[in-house]
Amino acid sequence: MSVIGVLTAGGDCPGLNAVVRGLVVRANQKYDAEVVGIMNGWDGLMEGDVELLDDKDVGGILAKGGTILGTSRRDPYVHGDGFASVEKTLRRNEIDTLVVIGGDGTLRTALRLQEDGAKVVGVPKTIDNDINGTDFTFGFDTAVQIVTDAIDRLTTTAEAHNRIIIVEVMGRTKGWIATYAGIAGGAEAILIPEVEYDLEEVASLIRRRHRRGKNYSIVVVAEGIKPPVKTELEKDAFGFDRLGGVGYQIAPILEEMTGFETRVTVLGHLQRGGTPTAFDRVLATRLGTRAADLAVSGQHGTMVAMRGGEIVAVPLSEGCAEIRGVTPDLYEVAETFFG
Ligand code: F6P
């Protein structure tokens, strides 16, 4: 009987449980394969913390945020001896394939393990939507919906007080969430890391707008834009910058330039919490079931991906290539509505 190990690593993301459910149900029902849940990301694989999962364990988790497996930002190549530190758990549990659900850092670790002797299938995960090789990642749609709802609410209070409100959103070094939610929420300006910005230009379009009788403005700022004031950032376990707070630097500058009262809302981890949207539940379910197919049929070193609406297998190395930014075409659509 085939045995599949599954883990979720890195930051959580709405839809993780839907992937696990899809994988377990497909593996059990279609292939009579066993699925072993590895707890707390790579930690569980290093420490041997595993639990057998069956249909009962994944009942009722489709709509649940977070991850029933737990997660961590520890990594076998940073906090252990690489493949040697996970081999015992793989062997003891007779795991044939390791299904790794994670962002680009986690997928790179998965690829190293594959090269060092493990048999891996990757599932791309991030609210940031920046993984190469797939059109969308699950969790992104949910984050965009949460930000759009927030913009709708912030717009009415901005209007009531004649204020500028800066909405800072996640996305790490890419501006997907900012651009999609900014378009959906009708933002007056959207600042993203991929496009250089000039605060004088933003101030001038806000002043023009106010002269036209619109006394409020929403400015969406991606957390990863270059800060106007040089800032030392902490690093996380994968060596990524810990971001957040740039909106507070932008606010006083825009207030000073425009003379309009300005407030800041940093949405932070709200964007990752709670139930996934229907789109993300379906996408995550399709990815999880396809991951089971690839695992059982021995298509290792691959990653499941969405391409043109279809779920396909791509080389895992594609998912580890340089992360994807917002296309100029999409940003141009957003810019059409600035001011
Ligand atoms: O990559 C997902 C993400 O939510 C980013 O958008 C954000 O910068 C980061 O994770 C936050 O990480 P943490 O949960 O470690 O604060």
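Everything quoted here is computed from the prediction, not taken from an experiment. (Residues numbered from 1 in each chain as written. Predicted model: local features only at pLDDT ≥ 70, side-chain atom pairs only at ≥ 80, totals over all residues. Heavy atoms only, no water.)

### Thoughts on the environment of glutamate 256
Okay, step 1: Note on placement: glutamate 256 falls in helix 9 (residues 246-258).
Okay, step 2: When the C-alpha positions of glutamate 256 and glutamate 196 are compared, they lie 21 Å apart, and in sequence the two are 60 residues distant. (Helix = DSSP H or I, 4+ residues; strand = E, 2+ residues; numbered from the N terminus.)

### Details of a positive patch on the surface
Okay, step 1: There is a patch of like positive charges on the surface, built from Arg208, Arg211, Arg212 and Lys214.
Okay, step 2: For arginine 212, the location among the structural elements is in the loop between helix 8 (199-211) and strand 8 (217-222).
Okay, step 3: For arginine 212, a relative accessible area of 55% puts it in the exposed group. (Patch = residues over 30% accessible without salt bridge, like charges linked within 9 Å, V, L, I, M, F, W, Y side chains within 5 Å. Areas by Shrake-Rupley, 256 points an atom, 1.4 Å probe, with all protein chains shown as cover. Salt bridge = Lys/Arg side-chain N within 4 Å of Asp/Glu carboxyl O. Lys, Arg positive; Asp, Glu negative; His and termini not counted. Charge placed at Lys NZ, Arg CZ, Asp CG, Glu CD. Buried < 20%, exposed > 50% of the residue type's maximum accessible area, 1.4 Å probe, protein only.)

### Some points on the sheet that holds strand 5 (residues 120-124)
One key point about sheets: their strands pair by backbone hydrogen bonds, in either a parallel or an antiparallel sense.
Okay, step 1: Taking strand neighbours across the sheet as the criterion, the seven strands line up as 3-2-1-4-5-10-11 in an open arrangement whose pairing is mixed. Two strands bound the open sheet, and with one partner strand each, they are strand 3 (50-53) and strand 11 (310-315). Mean inter-strand twist for the sheet, computed between neighbouring axes without regard to direction, equals 30°.
Okay, step 2: Where strand 1 (residues 3-8) meets strand 2 (residues 34-38), four bridges bridge the pair, whose relative direction is parallel. Looking across to strand 2, one finds that valine 3 is bridged to glutamate 34. (Pairing = 2+ DSSP bridges. Axes fitted to C-alpha atoms, helices over the stretch in contact; angles between N-to-C directions.)

### Quick look at the domain arrangement of the protein
Okay, step 1: Its domain assignment divides the protein into domain 1 (3-138 + 276-319) and domain 2 (140-273).
Okay, step 2: Of note, the centres of domain 1 and domain 2, computed from C-alpha atoms alone, are 33 Å apart.
Okay, step 3: At the interface, 24 residues of domain 1 touch 19 residues of domain 2.
Okay, step 4: Summing the contributions of domain 1 and of domain 2, the shared interface buries around 1,800 Å²; its carbon and sulfur component is 56%. (Domains from an automatic or database assignment. Contact = heavy atoms within 4.5 Å. Buried area = accessible area lost by both parts, 1.4 Å probe.)

### Things to note about the site of the ligand
Okay, step 1: All residues in the neighbourhood of the ligand are listed as Arg73, Thr126, Ile127, Asp128, Met170, Gly171, Arg172, Glu223, Arg242, His269 and Arg272.
Okay, step 2: The side chain of arginine 73 places a nitrogen or oxygen atom 3.0 Å from an oxygen atom of the ligand.
Okay, step 3: Between an oxygen atom of the ligand and a side-chain N or O atom of glutamate 223, the distance comes to 2.6 Å.
Okay, step 4: For the ligand, whose accessible area on its own is 400 Å², the fraction buried by protein is 80%.
Okay, step 5: Here the residues of the shell around the ligand sort into two nonpolar, three polar and six charged.
Okay, step 6: Lining the shell around the ligand are residues from two domains, each supplying at least three of them: domain 1 (3-138 + 276-319) and domain 2 (140-273). (Near = heavy atom within 4 Å. Polar contact = N/O pair within 3.5 Å; in protein donor to acceptor, adjacent residues only side chain to side chain. Nonpolar A, V, L, I, M, F, W, Y, C, P; charged D, E, K, R; others polar.)

### A few points about the sheet that holds strand 8
Okay, step 1: On the basis of which strands lie adjacent, the open sheet formed by four strands has the order 7-8-6-9 and parallel pairing. Bordering the open sheet on either side are strand 7 (189-191) and strand 9 (262-266), each of which pairs with just one other strand. Strand-to-strand twist in this sheet, taken as the mean axis angle between neighbours without regard to direction, amounts to 20°.
Okay, step 2: Sheet analysis places strand 6 (residues 164-169) next to strand 9, joined by five bridges and oriented parallel. Note on strand 9: the bridge partner recorded for isoleucine 165 is arginine 263.
Okay, step 3: Running at roughly 160° to strand 8, helix 8 makes contact with strand 6, strand 7 and strand 8 of the sheet.

### Quick look at the pattern of salt bridges
Okay, step 1: Going through the model one piece at a time under the given rule, you end up with 17 salt bridges.
Okay, step 2: Of the charged contacts, one joins arginine 74 and aspartate 43 as a salt bridge, the two residues approaching to 2.4 Å between their closest N and O atoms. Of the two residues, arginine 74 sits in the loop between strand 3 and helix 3 (76-79) while aspartate 43 sits in helix 2 (residues 42-47), which places them 31 residues apart along the sequence.
Okay, step 3: You can call arginine 74 partly exposed: its relative accessible area is 31%.
Okay, step 4: When its relative accessible area of 18% is taken as the criterion, aspartate 43 is described as buried.
Okay, step 5: Between aspartate 54 and lysine 56 there is a salt bridge; the shortest N-O distance is 3.4 Å.
Okay, step 6: Judged by relative accessible area, aspartate 54 falls into the partly exposed class, the value being 29%.
Okay, step 7: Residue class for lysine 56 comes out exposed when judged on its relative accessible area of 71%.

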